[in-house]
Amino acid sequence: MTTTEIWEGFNPVKDGTETSIISASEKGNLSTSDIFFTSEKTEGGRVRVFARVTFDNRWRDPRPAILLLPSRDPSRTFDDVTRSLVSEGYVVCLCDYAGNFDGGDRDKRTSYPDCYSYAQAPACFRDLLAIGATARETAWFQWVKVARRAVTTLAELKYVDADRIAVMGMDCGAQIAWQLAGIDGRIRALIPINGGGY
């Protein structure tokens, strides 16, 4: 399948994201919201994605944003990276693409319906090279779909400049970031860390 064939029929902005804020906190000037959004609806259920959005609450104008796609290490919360990026003027959205985020609350994880169980952690990490009948039936394709919908969710936030969204990924997240930047024209910058791309 070509890239065009793989993505045929997928529109990352067509449907609403059904974003829900499940908790919000402030620590000094940092405001953090834990959210869920819908990446996709299937006959078997919805892909509900957990994300953590952090920004400086003193900002009064829309800011550039970075979609942060973490490594597959569930113990890393990337709070240090987030704080550093926010201090430089960026809104940061940490996206749990595989459902393995471990921020202390097991209810704050992405969930996939059974039809996409191959994209759900921890099973998805056992065989990252597995392909179903087509390239669409891979964890990688599902994760890039989640990332594209995360960009849509970010662009809808009033404190985000939708014309200045970047993606930063680490390890598996870097592989997803390469694919996202190559297929989604809304991405203005790519920062892959420890990921070679394709």
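This text gives an overview of the structure that appears in the document.

Rules behind the numbers
Residues numbered from 1 in each chain as written. Predicted model: local features only at pLDDT ≥ 70, side-chain atom pairs only at ≥ 80, totals over all residues. Heavy atoms only, no water. Helix = DSSP H or I, 4+ residues; strand = E, 2+ residues; numbered from the N terminus. Rg over C-alpha atoms; globule rule 2.2 N^0.38 Å. Buried < 20%, exposed > 50% of the residue type's maximum accessible area, 1.4 Å probe, protein only. Areas by Shrake-Rupley, 256 points an atom, 1.4 Å probe, with all protein chains shown as cover. Lys, Arg positive; Asp, Glu negative; His and termini not counted. Charge placed at Lys NZ, Arg CZ, Asp CG, Glu CD.

As for the overall build of the protein
Along the protein, the regular secondary structure elements total 4 helices and 7 strands. Helices (α) and strands (β) of the protein occur, in sequence order from the N terminus, as α-β-β-β-β-α-β-α-β-α-β. Relative to the compact-globule value of 16 Å for 198 residues, the protein shows a C-alpha radius of gyration of 16 Å, a close match. Seen through its principal axes, the protein has C-alpha atoms that stretch 50 × 35 × 35 Å. Within the protein, buried positions represent 50% of all 198 residues. Summed over all atoms, the accessible surface of the protein reaches about 9800 Å², with 48% contributed by carbon and sulfur. Here the protein holds 24 positive side-chain charges and 26 negative ones, and the gap between their average locations is 3 Å.

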